[in-house]
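For reference, the chains in residue letters:
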Amino acid sequence: GLMIGRGAIRNPWMFRQIRDRDEGLQPTLPQGREVLGYIQALYEETRPADFRPSAQVEKMKKYLNYIGLGVEPSGRFLHDMRRTRTEADFFRVCAEHLDHDRPMPLEPFAPPLGERDVLAGCHT
């Protein structure tokens with residue numbers, strides 16, 4: 001058995017990557033624009049009919065906490081994304097970090113030093 005859960009939120013390409021590895025192939029990595037497209041689709045798919053854009057942005061921040069750990073190592077994407085309040089700001093920050101053609105492994109980077117301290121405090 002295999003339990004995937006939140007990993008699939010961070011990397012919905014993982015199912016294809018697993019098949020690639022099983023077939024002896026190099027796993028396909030999504031490009032930044034593909035990740036951006038996924039975030040846009042996730043925004044639309046999870047949006048209720050009677051949504052308030054600010055409430056949807058807050059919900060998306062929860063999803064992006066998983067995705068954002070693998071966007072870039074400094075934590076800047078998560079920092080900027082967590083401070084957005086409007087739909088326009090949310091997608092502007094996403095585009096700033098993801099509007100590119102570079103492959104993205106989406107594996108979490110080690111948390112920045114300040115976040116390590118916060119995370120360590122959560123476990124004591």
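Right above here is the structure, for reference.
What you are looking at is a predicted structure, and each value in this text was computed from that prediction instead of being measured.

Draft legend 1. Spatial organisation of the pattern of salt bridges. Within this structure, the stated rule accounts for eight salt bridges. Between Arg 92 and Asp 89 there is a salt bridge; the shortest N-O distance is 3.7 Å. Of this pair, Arg 92 and Asp 89 are both found in helix H6 (residues 87–98), three residues apart, which corresponds to roughly one turn of the helix. Since its relative accessible area comes to 42%, Arg 92 is described here as partly exposed. The class of Asp 89 is partly exposed, set by a relative accessible area of 29%. One salt bridge in this structure joins Arg 92 and Glu 96, with 2.7 Å as the shortest N-O distance. Of this pair, Arg 92 and Glu 96 both sit in helix H6, separated by four residues, roughly a single helical turn. On the accessibility criterion, Glu 96 (51% relative accessible area) is exposed.

Draft legend 2. Summary view of helix H4 (residues 53–67). With 15 residues, H4 should cover 21 Å at 1.5 Å per step; its first-to-last C-alpha distance of 20 Å lies within 8% of that length. The sharpest bend along H4 comes to roughly 25°, located at Lys 61. Along H4, the residues classified as buried are Gln 56, Val 57, Met 60, Lys 61, Leu 64 and Ile 67. Buried residues in H4 make contact with helix H1 (6–10), helix H3 (32–45), helix H5 (76–82) and H6.

Analysis parameters
- Residues numbered from 1 in each chain as written.
- Predicted model: local features only at pLDDT ≥ 70, side-chain atom pairs only at ≥ 80, totals over all residues.
- Heavy atoms only, no water.
- Salt bridge = Lys/Arg side-chain N within 4 Å of Asp/Glu carboxyl O.
- Helix = DSSP H or I, 4+ residues; strand = E, 2+ residues; numbered from the N terminus.
- Buried < 20%, exposed > 50% of the residue type's maximum accessible area, 1.4 Å probe, protein only.
- Expected span 1.5 Å × (residues − 1).
- Bend = angle between axes of the 7 residues up to and from the residue.
- Contact = heavy atoms within 4.5 Å.

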